[in-house]
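Observations on chain architecture
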Amino acid sequence: GYIGMVEERIASLELSEGAEPRVFFEFKSPYKSASAESTFHKPIVQAGGINIAASQPISSPRLSSEWVVAQDPEVIVHRVSGDDTLEEMCSLREEIMSRPGLRELEAVEQGRVYVVKADVFLTVRYPVGLLYYARWFHPELFSDMDPQAVHREIVEHFFGPEQWEYLAGSEGFACPG
């Protein structure tokens, strides 16, 4: 149901120039991104974003900082593994925002730099990751959605309230949330 709701709201967007934000996605290390050949591409597009690296010739290109700056992304998303703490995720966000060249980007100036755990895109939790992206890319369409509340609902439904208490007590899932 949440996936369908995201797709329905995104479909309602005016298909005018600039309706979908340009997104710089990276994972594992600075400037390692994902083309349309990568599985990381689908949720970006599904949530109404434009992956700036979509046309790159390999699935996981390492982009130059100059190339990223020239694309002037409106949103930056860095995906980390499930082992990262919320403190580490927020520290990484600050590092991204202070990189030479990136400081002048619209995404950084507007505070639209996000770090998210890969866990929220896995199996039954995929709608949670999609909701984070949708809310970050189109806050005006998704201000009524709370990805963490949906995450809790899914985890409690499939794994029980004890599992949510364990997860919520030991980790954060996105910075900022």
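Notes on the structure follow. (Residues numbered from 1 in each chain as written. Predicted model: local features only at pLDDT ≥ 70, side-chain atom pairs only at ≥ 80, totals over all residues. Heavy atoms only, no water.)

1. Side note on the overall build of the protein
Let me state the cut-off plainly: A run of H or I in DSSP becomes a helix once it reaches four residues, and a run of E becomes a strand once it reaches two; helices and strands are each numbered from the N terminus. Only C-alpha atoms enter the radius of gyration; for comparison, a globular chain is expected to reach 2.2 Å times N to the power 0.38, where N is the number of residues. A 1.4 Å probe rolled over the protein chains alone gives each residue an accessible area, and that area as a share of the maximum for its type sets the label: buried under 20%, exposed over 50%, partly exposed in between.
Along its length, the protein carries nine helices and five strands. Written out in order from the N terminus, the α and β elements of the protein read α-β-α-β-α-β-α-α-β-α-α-α-α-β. What you see for the protein is a C-alpha radius of gyration of 16 Å, in line with the 16 Å of a compact globule of 177 residues. Oriented by its inertia axes, the alpha-carbon framework of the protein measures out at about 45 × 35 × 30 Å. In the protein, buried positions account for 49% of the 177 residues.

2. Section: the packing of helix α6 (residues 126–137) against helix α8 (residues 147–159)
As a reminder, the rule being used: Angular values range over 0 to 180 degrees, each being the angle between N-to-C directions of two axes fitted as lines to C-alpha atoms, with helices fitted over their stretch in contact. Any angle that is under 35 degrees is reported as roughly parallel, and any over 145 degrees as roughly antiparallel; angles of 65 to 115 degrees are reported as roughly perpendicular and all others as oblique. The contact rule is simple, with two residues in contact once any of their heavy atoms fall within 4.5 Å. Polar here means any residue other than Ala, Val, Leu, Ile, Met, Phe, Trp, Tyr, Cys and Pro, which are nonpolar, and Asp, Glu, Lys and Arg, which are charged; Gly is therefore polar.
Taken N-terminus to C-terminus, the directions of α6 and α8 make an angle of 175°; their axes are 9 Å apart at the nearest point. As the angle between them shows, α6 and α8 are arranged roughly antiparallel. Across the interface between the two elements, Pro127, Val128, Leu131, Tyr132 and Arg135 from α6 touch Pro147, Gln148, Val150, His151 and Ile154 from α8. Looking at the contact of α6 with α8 residue by residue, the class counts come to seven nonpolar, two polar and one charged.

3. Some details on the state of the cysteines
By definition, a disulfide is the covalent link that joins the sulfur atoms of two cysteine residues. Selection criterion: The criterion for a disulfide is a pair of cysteine sulfur atoms lying within 2.5 Å.
Per the counting criterion, the structure on display carries one disulfide. What pairs with Cys90 in a disulfide is Cys175, and their sulfur atoms sit 2.1 Å apart. On the sign convention where negative means left-handed, the S-S torsion of about 115° between Cys90 and Cys175 marks this disulfide as right-handed. You can see Cys90 sitting in helix α4 (residues 86–97) and its partner Cys175 sitting in strand β5 (residues 174–175), a full 85 residues away along the chain. Judged by its relative accessible area of 27%, Cys90 is partly exposed.

4. Here we look at the pairing of strand β3 (residues 75–80)
We apply this condition: Strands are labelled as partners when DSSP assigns at least two bridges between them.
Burial analysis of β3 places six of its six residues in the buried class, which makes it a mostly covered element. On β3, burial covers both faces: Val75, Val77 and Arg79 on one face and Ile76, His78 and Val80 on the other are all buried. In terms of strand pairing, strand β1 (residues 22–27) meets β3 through five bridges, oriented parallel. Bridging across to β3, Val23 finds its partner in Val75.

5. Focus: the pairing of β1
Selection criterion: A right-handed crossover is one whose linking path, passing over the helix from the first strand to the second, runs clockwise when the strands point away from the viewer.
Most of β1 sits out of view: five of its six residues are buried. Two elements, β1 and strand β2 (residues 50–51), share two bridges in a ladder whose sense is parallel. Residue Arg22 lies in a different strand from β2, and its bridge partner there is Ile50. Between the parallel pair β1 and β2, the chain is carried across by helix α2 (residues 41–46), and the sense of this crossover is right-handed.

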